[in-house]
Amino acid sequence: MMPVSSDCQILKEDNVTHSFCGLACVGWLYQKIKDSFFLILGTHTCAHFLQNALGMMIFAKPRFGVALIEEADLSRAEPQLEAVIEEIKRDHNPSVIFLLSSCTPEVMKVDFKGLAHHLSTDKTPVLFVPASGLVFNFTQAEDSVLQALVPFCPEAPAGEKKVVFVGSVNDITADDLRTEAEQLGIPVAGFLPESRFDKLPAIGPDTVLAPIQPYLSRVCSRLSRERGAKVLTSLFPFGPDGTKTFWEDLAAMFDIKVDLSDRAEAAWEKIKPQTDLLKGKKIFLTADTMMELPLARFLKNAGAEVVECSSAYINKKFHARELEALEGVKVVEQPNFHRQLEEIKATRPDMIVTSLMTANPFVGNGFVVKWSMEFTLMSIHSWSGVFTLANLFVSPLLRRESLPEFDESVWLEGVMPSAQ
């Protein structure tokens, strides 16, 4: 057991988590950085995964692709990607190309850093992004992409105190966060990442970094270490409670005192039908997206009983405020899934927030399930995301109420008699 500064204790187990591959981050980042191209060096499995997970048709010419490793490549010192890079430049004219690793070439000990350096030009840099599922959780691959961008962020001079929001969100949410900050009197330098490679924000010793995603601890630590930037320590802006604390703490770093209690109260009132449904519900969060801590905190404050909150990795410093807010909740890092199964059978939670891989088996056993990946893809930040966040939790409960019992007759309907 790992002690933390608050009364919350982290149980550390040793199991691998059932999570998506890190390559999944391509799905939202290629849309966010609009002048980029994401090249994955991988196998047919990687290509099938991206084709199915992202639902992209080949003739749509998406700004990502897979350079397939064939059997002949095993005898070469390094993969030959020059022709692929030239084709990408000719067809897409990107400002930056991200070269993502995957499991097989990492096992083959491909020198990705050297390869990216060899392929880079002054006009079109090729940036290495470690994204293998062997090492990283799938949301952490975004952290790797942002770290690759750090050397290209201009240096802000000392005395230039502005906020940089760290984390990929869609343009509407970014505009909402920028407007909110400016209304509070907080000067905004930009976002990491921005929508274009040539618009990266300047970061210096007086920059305040405001992480808006809970899986970006490494890039924040690096910017603090290399540029001297200050990292906001607060709750993440999810739900009325997190949003209120996030903006109040951020304003305080600029010596601005604000009290958003009335606004938070109004936001809670707005989602009262949803919180009424969540009150007293037993909810179990298995590890997947690394968003579990702030989601569990929102559920707890909404009146739900969080049976267990598990996460693949927990950074005691980066997640300190979320851990404090989870006092009394069972928090587990790298949980043992077999142990979780036994506890789920014993406690029979009203809803399980889990990965795509484990969702269907839980449904088959009569549980109400919410795909945890949906929280990474929906706009749930700040005040404008409160309603969406609450609805994401109640939608499976409402859907389940409208369905018949998942008994044997449902599962065996239409099945050949010989299969019963």
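Since the structure is predicted, the reported quantities are computational estimates derived from the model, not experimental observations. (Residues numbered from 1 in each chain as written. Predicted model: local features only at pLDDT ≥ 70, side-chain atom pairs only at ≥ 80, totals over all residues. Heavy atoms only, no water.)

Asker: Would you explain the pattern of salt bridges in this entry?
Answerer: Between side chains of opposite charge, a pair can form as their charged atoms come close. Counted according to the given criterion, the structure contains 24 salt bridges. For Glu194, the salt bridge goes to Arg178, with nearest N and O atoms at 3.8 Å. Of the two residues, Glu194 is situated in the loop between β8 (188–192) and β9 (208–211) and Arg178 in helix α7 (residues 171–183); the sequence distance between them amounts to 16 residues. Assessed through its relative accessible area of 26%, Arg178 is described here as partly exposed. (Salt bridge = Lys/Arg side-chain N within 4 Å of Asp/Glu carboxyl O. Helix = DSSP H or I, 4+ residues; strand = E, 2+ residues; numbered from the N terminus. Buried < 20%, exposed > 50% of the residue type's maximum accessible area, 1.4 Å probe, protein only.)

Asker: Please clarify how a negative patch on the surface should be interpreted in this entry.
Answerer: A surface patch of like charges, here negative, comprises Asp259, Asp262, Glu265 and Glu269. By the element assignment, Glu269 lies in helix α10 (residues 261–270). Overall, Glu269 belongs to the exposed group, its relative accessible area being 54%. (Patch = residues over 30% accessible without salt bridge, like charges linked within 9 Å, V, L, I, M, F, W, Y side chains within 5 Å. Areas by Shrake-Rupley, 256 points an atom, 1.4 Å probe, with all protein chains shown as cover. Lys, Arg positive; Asp, Glu negative; His and termini not counted. Charge placed at Lys NZ, Arg CZ, Asp CG, Glu CD.)

Asker: What am I meant to see in the UniProt feature "binding site: [4Fe-4S] cluster" (unreviewed entry) in the protein here?
Answerer: Cross-referencing UniProt, the feature "binding site: [4Fe-4S] cluster" (unreviewed entry) maps to Cys21, Cys46 and Cys103 in the present numbering. Despite a sequence span of 83 residues, these residues sit close together in the fold, their greatest C-alpha distance being 9.7 Å. Here Cys21 shows up in the loop between β2 (9–12) and α1 (26–32). Given a relative accessible area of 23%, Cys21 falls into the partly exposed group. Once you skip the residues sitting within four places of it in the chain, Cys21 turns out to touch Phe49 and Phe138. Mapped onto the elements, Cys46 comes out in helix α2 (residues 44–53). Ignoring sequence-local partners within four residues, the contact set of Cys46 consists of Leu23 and Ser102. (UniProt positions renumbered as here; feature names shortened; annotations may be inferred. Contact = heavy atoms within 4.5 Å.)

Asker: Honestly, the packing of helix α6 (residues 140–149) against helix α8 (residues 217–227) in this entry has me stumped. Any pointers?
Answerer: A pair of packed helices is captured by two measures, namely the crossing angle of their axes and the spacing between those axes. Close contact between α6 and α8 brings their axes to 8 Å; oriented N to C, the two are set at 25°. When the axis of α6 is compared with that of α8, the two are roughly parallel. Within the contact between the two elements, α6 uses Gln140, Asp143, Ser144, Leu146 and Gln147 and α8 uses Ser217, Arg218, Val219 and Arg222. Taken together, the residues of the contact of α6 with α8 sort by class into 2 nonpolar, 4 polar and 3 charged. (Axes fitted to C-alpha atoms, helices over the stretch in contact; angles between N-to-C directions. Parallel < 35°, antiparallel > 145°, perpendicular 65-115°, else oblique. Nonpolar A, V, L, I, M, F, W, Y, C, P; charged D, E, K, R; others polar.)

Asker: How do you make sense of the nonpolar core when you look at a structure like this?
Answerer: Across soluble globular proteins, you tend to see nonpolar side chains buried next to one another. One finds Phe98, Phe165, Trp247, Leu250 and Phe393 to be the most contacted residues of the largest nonpolar core, which totals 104 residues. If one sorts the elements of this core by residue count, helix α17 (residues 386–401) sits on top with 7 residues. Leave out the neighbours within four places in its chain, and Phe165 touches Leu177, Ala181, Val188, Gly190, Phe191, Leu192, Ala210, Ile212, Phe246, Trp247 and Leu250. Grouped together as the second largest cluster of nonpolar side chains are 16 residues, Ala67, Ile69, Leu81 and Ala116 included. (Core = buried A, V, L, I, M, F, W, Y, C linked by side-chain atoms within 4.5 Å.)

Asker: Got a minute to help me understand the packing of aromatic side chains in this structure?
Answerer: For any pair of aromatic rings, the description consists of the separation of the ring centres together with the inter-plane angle of the planes. The tally for this structure, following the rule as stated, stands at 13 aromatic pairs. An angle of 25° between the planes, with centres 4.7 Å apart, marks the rings of Phe38 and Phe98 as stacked. Taken as a pair, Phe38 in strand β3 (residues 36–42) and Phe98 in strand β5 (residues 96–100) lie far apart in primary sequence, 60 residues in all. For the residue pair Phe38 and Phe98, the accessibility class agrees, reading buried in each case. Relative to Phe362, the ring of Phe337 has its centre 6.2 Å away and its plane inclined at 65°; by these criteria the two rings are edge-to-face. (Phe/Tyr/Trp six-rings, centres within 6.5 Å; stacked < 30°, edge-to-face > 60°.)

Asker: What is the right way to read the side chain of Thr243 from this model?
Answerer: Mapping Thr243 onto the fold places it in helix α9 (residues 239–253). Not counting the four nearest positions on each side in its chain, Thr243 is found in contact with Phe236, Pro237, Phe238, Ser382 and Trp383.

Asker: Explanation requested: the environment of Leu356 in the structure shown.
Answerer: Assignment of secondary structure puts Leu356 in helix α15 (residues 356–364). With 14 residues separating them in the primary sequence, Leu356 and Lys370 have C-alpha atoms 9.0 Å apart. In contact with Leu356, not counting residues within four places along its chain, are Phe20, Trp371 and Met373.

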